[in-house]
Amino acid sequence: MALPLAILILGMAGWGWWLAALSVPPAGIVIAGLLVVYGLGVGWGSVVPASAVISVAIALLVAFDIFPAFWPANIHYKYWAYTVLVLWGGSVAAVCLLAKIGQTLRQRPGVYRWGVQLVLATGLLLALQTGASLYQNHWPGWVPWEHL
Amino acid sequence: MKTYWYKIRQVVRTGGPPSETPRLPPAPATYLAQIHPEVQASLSLRQRAEVERVIALAMPKPAPKLVDLRFTIDLLVSRYFIVLMVGKDRRRTRRDVPVSRLTKFGNWVMAVALLLGFNLALSTSVVMLVYLIKSALGINLLPGHFRGFGN
C-alpha cells in the first residue's frame, strides 16, 4: 500500500499544481477536494462518477482552449494536445488508485477505517494545497516565469 | 432452532451459508444441508442422492456470456449496480413476468434515458480522445487552428 499511496500523494500535488496553473476558480478546487474525499470514502463505486467529472473538466479545457499562463503562444498545438492527454490519463489513473485504496479501507473495521480515512483525506488535501503553493512560488525553475 | 432459521434465511437471501468469503454459486449440497437434521437422518442414501439430483435440475445454469460487464455507482445517498450482458438466447419459453402498463412505460423511459446518457457521455469522450490524438499527431484537418468557443 506504500507505493500506491506515494504515487497518489504525488498525483494530488500534480493536480494542485495544474489547478493553480490553469487558474481554476475556487469552485473547481472544492470539487477536486470533494472528489478525493468521495473516492476514499466510497471505493470502486466512485470510479464512474469521478471519471465523468474528470472528462467534463478536460472537455471544458479543450472546448474553451484554456492554456496555463506559462504556455508559449508560438509553440505547436500538438504539444498541448499531448499534455492534455497525459493530464486526462493521469487523472483517471489517480481516481482509480484513490478508489482502490478506498475499497481496501472499506474492508477494515469501523473505527480504524474512519481514522485512516480522515488522516489520508487530510494528507491528500494537503498535497493538493502543496502543489498549488509550488506553482505560486514559481516551481519548477525551468519555467520562464519572468516573461509571464 | 433460532440458529437453524437464521441459516435458512441466509441461504434464501444469499444463496449460500453465512460467510465472510466471496459468494460462490450454490451447489445442491448447500441446499440439502439446510434440511432439518432429523429429516436428513431419516433419508436413505438413495433418497438423498435423488433429492440432490432434483435440486440440481431445478437450479438455474448460467450460460457463458459474450459480454459480462458489471459495475457499481455509489451516489452516497444510494448505491446502484449496472449490468450489461450479451449472450446467446437459449430460452425456449416466453418470459412471463406480469407487470403493469405504467411500470412497463416507466422502465422504457428510464432505459432510453440511461442509454442516451451513456451514449452521449461515451461519444463525447471518444470524439474528444480522437481529436486530441489527431492534434497530438500534428494533423490539421481545417486551415486555421480552432481556438475554442468564444475566441
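Residues numbered from 1 in each chain as written. Chains lettered and ligands numbered in written order. Predicted model: local features only at pLDDT ≥ 70, side-chain atom pairs only at ≥ 80, totals over all residues. Heavy atoms only, no water.

Looking at the pattern of salt bridges
Residues and elements named next belong to chain B.
Moving on, step 1. As enumerated under the stated definition, the model contains three salt bridges over all chains in all.
Moving on, step 2. In this structure, the salt-bridge partner of Glu 50 is Arg 53, at a minimum N-O distance of 2.7 Å. Here Glu 50 pairs with Arg 53, and both are found in helix α4 (residues 45-58), just three residues apart, close to one helical turn.
Moving on, step 3. Among the residues examined, Arg 53 registers a relative accessible area of 45% and is labelled partly exposed.
Moving on, step 4. Between Arg 79 and Asp 74 there is a salt bridge; the shortest N-O distance is 2.9 Å.
Moving on, step 5. Overall, Arg 79 belongs to the partly exposed group, its relative accessible area being 41%. (Salt bridge = Lys/Arg side-chain N within 4 Å of Asp/Glu carboxyl O. Helix = DSSP H or I, 4+ residues; strand = E, 2+ residues; numbered from the N terminus. Buried < 20%, exposed > 50% of the residue type's maximum accessible area, 1.4 Å probe, protein only.)

Topic: the packing of helix α4 (residues 77-106) of chain A against helix α5 (residues 101-136) of chain B
Moving on, step 1. At a minimum axis separation of 7 Å, α4(A) and α5(B) run at an interaxial angle of 140°. Here α4(A) lies oblique to α5(B), going by the angle between them. Seen along the crossing, α4(A) lies across α5(B) with a hand that is left-handed. Across the interface between the two elements, Tyr77(A), Lys78(A), Ala81(A), Tyr82(A), Val84(A), Leu85(A) and Trp88(A) from α4(A) touch Ser125(B), Met128(B), Leu129(B), Tyr131(B), Leu132(B), Ile133(B), Ser135(B) and Ala136(B) from α5(B).
Moving on, step 2. Split by residue class, the contact of α4(A) with α5(B) holds twelve nonpolar, two polar and one charged. (Axes fitted to C-alpha atoms, helices over the stretch in contact; angles between N-to-C directions. Parallel < 35°, antiparallel > 145°, perpendicular 65-115°, else oblique. Left-handed = near helix turned anticlockwise from the far one by under 90°. Contact = heavy atoms within 4.5 Å. Nonpolar A, V, L, I, M, F, W, Y, C, P; charged D, E, K, R; others polar.)

Side note on unusual backbone geometry
Moving on, step 1. Pro140(A) follows Trp139(A) through a cis peptide bond whose omega is 5°.
Moving on, step 2. Within the fold, Pro140(A) resides in the segment after α5 (110-136).
Moving on, step 3. Here Leu76(B), not a glycine, exhibits a phi torsion of approximately 65°, which is positive.
Moving on, step 4. Along the polypeptide, Leu76(B) turns up in the loop between β1 (67-74) and β2 (79-86).

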